[in-house]
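# Understanding the architecture of this molecule
What follows is the residue order along each chain.
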Amino acid sequence: MNASYTQFLARAYAAVLAGSFALVLAGCAPSIHFRSQDRSGADEPTPPTEMITEKLIAAERQQHREEANLDLEKLLVPNPAPYAIGNGDVLSIVVWDHPELAGNALNTGSLLPDPSGANSAPPGFVVDHQGRIQFPLIGMVGVEGQTEEQARALLTTKLAKYLANPNVTLRVQSYRSKRVYIDGEVKSPGLQAINDIPMTLVEAINRSGGLLPSADQSSIVLERGQQRYRINLRDLVQKGINPGLVMLAVHSRDESKVFVSGEVLTPKALTMHDGRLTLNEALGESGGISPLSGDARQVYVVRKTDDRTRVFQLDARVAGSLAMAESFELQPKDIVYVAATPLANWNRNLSLLIPGALPSAVSATNRR
């Protein structure tokens with residue numbers, strides 16, 4: 001490299017450096033701009049930035065409490081009703097002193113023997129799709145929706161027309177009408193039949209072998225009909241909620257991650273601890289804000305909700321900011337972003353415009 005070119009780089013570097021410092025000293029306000037798009041690709045209005053303050057943290061906590069208690073009263077079953085007979089259940093019915101009325105041979109499913117047993121219905125009286133069973137002497141009897149005691153009393157009343165003082169024993173031999181499906185981070189996902197033991201949430205999870213170590217106990221989804229409820233298991237157990245279940249899904253912790261990027265020492269995806277992770281913890285587990293390039297005035301949290309995108313900002317230089325960061329709880333899929341300082345941005349832009357110019361200019365200046 002000749003002397004004239006070296007002098008040119010040194011002068012260019014000095015001029016750009018002087019201009020950059022002039023902008024910084026003039027009070028160039030730090031800012032970062034977020035641009036979002038809708039599903040069609042069209043630009044949406046930039047979401048406003050909400051400063052993280054004590055008031056905002058209190059409002060977030062109140063909203064979280066309201067969402068946690070939303071419609072949970074519908075799931076409370078303090079006194080579960082006795083099991084009601086349903087379609088597909090198999091009933092065992094015995095009329096004492098009348099073995100000819102036993103139902104063991106009435107529902108073999110085929111007139112010919114089936115060596116495999118695959119097409120054979122279990123012995124007993126199967127409740128058909130209309131909720132009825134066919135019993136000797138009295139014909140079709142509707143038993144759907146009745147408890148074992150109610151169905152026994154009904155059969156006794158009808159048989160009394162043909163038998164003197166009939167003594168009837170009735171019980172559900174095979175429970176097949178009501179089932180819940182358990183999926184997600186449990187040992188044995190699959191179908192579980194509801195029987196005469198009340199099916200609470202804890203009972204359903206225990207029947208599936210319990211939660212795996214990777215399960216997020218704060219993110220249990222219960223689906224009933226067209227409604228979905230998100231439940232925190234620890235809060236549920238403390239409140240003694242034992243809902244009758246239709247469908248359960250226990251989410252994995254991998255679905256409850258927070259992403260930390262920007263000017264931190266170790267950008268990474270962090271796993272929440274049973275649904276809880278504060279902004280302070282997220283920054284700490286990522287090594288903290290980079291002392292060389294991170295702008296403590298521009299710590300952002302980007303959160304996508306069902307209806308909009310929210311952007312929160314924390315000025316970590318303000319007194320009490322660490323306490324606010326510890327109180328600000330993140331939500332799954334939040335993005336924590338630390339912006340770069342104006343000087344770091346200038347350095348990177350200069351390196352893009354004149355690759356190798358900065359180290360060359362510095363070396364030339366040092367040789368003088």
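Just so you know, these numbers come straight off a predicted model, no measurement behind them.

Turning to the overall build of the chain, a few remarks are in order. From N to C terminus, the chain includes nine helices and 18 strands. Out of the 368 residues belonging to the chain, those deemed buried represent 35%. Partitioning the intrachain contacts of the chain with sequence separation of at least 6 by distance along the chain shows that 62% fall at a separation of at least 24. Accessible surface computed for the chain: about 21,400 Å², of which carbon and sulfur atoms make up 54%.

A word on the pattern of salt bridges. Counted by the stated rule, this structure contains eight salt bridges. Residues Glu-149 and Arg-152 are paired through a salt bridge, measuring 3.0 Å at the closest nitrogen-oxygen approach. Of this pair, Glu-149 and Arg-152 both sit in helix α3 (residues 148–159), separated by three residues, roughly a single helical turn. A residue is classified by how much of its surface remains accessible, and Arg-152, at 25% relative accessible area, is partly exposed.

Taken together, the six strands give an open sheet; going across it, the order is β3-β17-β16-β18-β14-β15, and neighbouring strands pair in mixed fashion. The open sheet has two edge strands with one neighbour each: β3 (49–51) and β15 (268–271). For this sheet the average axis-to-axis angle between neighbouring strands, irrespective of direction, equals 25°. The pairing of strand β16 (residues 294–304) with strand β17 (residues 309–314) spans six bridges and is antiparallel.

A low pLDDT means the predicted coordinates there should not be read in detail. Mean pLDDT for the chain: 75, with 67% of residues reaching 70 or above. The lowest-confidence element of the chain is strand β13 (residues 247–252), averaging 50 in pLDDT; the highest-confidence one is α3, averaging 93. Segment residues 105–121: pLDDT under 50, and 11 contacts once partners within four positions in sequence are set aside and those in other chains are kept. This model gives residues 243–247 a pLDDT under 50, and the stretch forms 27 contacts once residues within four places in sequence are excluded.

Leu-279, Phe-328, Leu-330 and Val-336 are the most contacted members of the largest nonpolar core, which has 22 residues in total. The set of elements that each furnish at least two residues to this core consists of α2 (54–68), β14 (257–262), α6 (279–285), β16, β17, α7 (321–327) and β18 (335–340). The residues touching Phe-328, leaving out its near neighbours within four places in the chain, are Ile-52, Leu-56, Ile-57, Leu-277, Thr-278, Leu-279, Val-301, Arg-303 and Phe-312. In this structure, Tyr-83, Phe-125, Val-127 and Val-143 belong to the second largest nonpolar core, which totals 20 residues.

What follows covers the packing of aromatic side chains. In total, this model carries three aromatic pairs according to the counting rule given. Over the aromatic face of Tyr-83 sits the side chain of Lys-178, whose NZ or CZ is 4.6 Å from the ring centroid.

Within a regular strand, side chains alternate between the sheet's two faces. Across four bridges, the pairing between β14 and β15 is antiparallel. Counterpart to Val-258 in the pairing with β15 is Leu-270. Hairpin remark: β14 followed by β15, antiparallel, with five residues in the connecting loop.

Glancing now at the pairing of strand β4 (residues 90–95). Buried residues dominate β4, accounting for five of its six residues. Judged from the two bridges that link them, β4 and strand β5 (residues 125–126) form a sheet pairing that is antiparallel. Within β5, the residue paired with Val-90 across the bridge is Val-126. As paired elements, β4 and strand β8 (residues 168–174) share six bridges and run antiparallel to each other. Paired with Val-90 across the two strands is Ser-174, which belongs to β8.

Now for the sheet that holds β8. Sheet strands line up and pair through hydrogen bonds in the backbone, either parallel or antiparallel. On the basis of which strands lie adjacent, the open sheet formed by three strands has the order β5-β4-β8 and antiparallel pairing. The strands lining the two open edges of the sheet, one partner per strand, are β5 and β8. Strands β4 and β8 of the sheet are contacted by α3, whose axis makes an angle of about 135° with β8.

This paragraph deals with the side chain of Ser-321. Looking at the element boundaries, Ser-321 is found in helix α7. Accessibility expressed as a relative area gives 3% for Ser-321, which makes it buried. Once you skip the residues sitting within four places of it in the chain, Ser-321 turns out to touch Leu-314, Asp-315 and Ala-316.

Turning our attention to unusual backbone geometry. Here the phi dihedral of Asp-97 falls at roughly 70°; this positive angle occurs in a residue that is not glycine. Inspection of the secondary structure assignment puts Asp-97 in the loop between β4 and β5. A positive phi angle, near 75°, is found at Leu-137, a position not held by glycine. Looking at where Leu-137 falls in the secondary structure, it is placed in the loop between β6 (132–135) and β7 (139–142).

Cut-offs applied
Residues numbered from 1 in each chain as written. Predicted model: local features only at pLDDT ≥ 70, side-chain atom pairs only at ≥ 80, totals over all residues. Heavy atoms only, no water. Helix = DSSP H or I, 4+ residues; strand = E, 2+ residues; numbered from the N terminus. Buried < 20%, exposed > 50% of the residue type's maximum accessible area, 1.4 Å probe, protein only. Contact = heavy atoms within 4.5 Å. Areas by Shrake-Rupley, 256 points an atom, 1.4 Å probe, with all protein chains shown as cover. Salt bridge = Lys/Arg side-chain N within 4 Å of Asp/Glu carboxyl O. Pairing = 2+ DSSP bridges. Axes fitted to C-alpha atoms, helices over the stretch in contact; angles between N-to-C directions. pLDDT = per-residue confidence, 0-100. Core = buried A, V, L, I, M, F, W, Y, C linked by side-chain atoms within 4.5 Å. Phe/Tyr/Trp six-rings, centres within 6.5 Å; stacked < 30°, edge-to-face > 60°. Lys NZ or Arg CZ within 6 Å of the ring centre and 35° of its normal.

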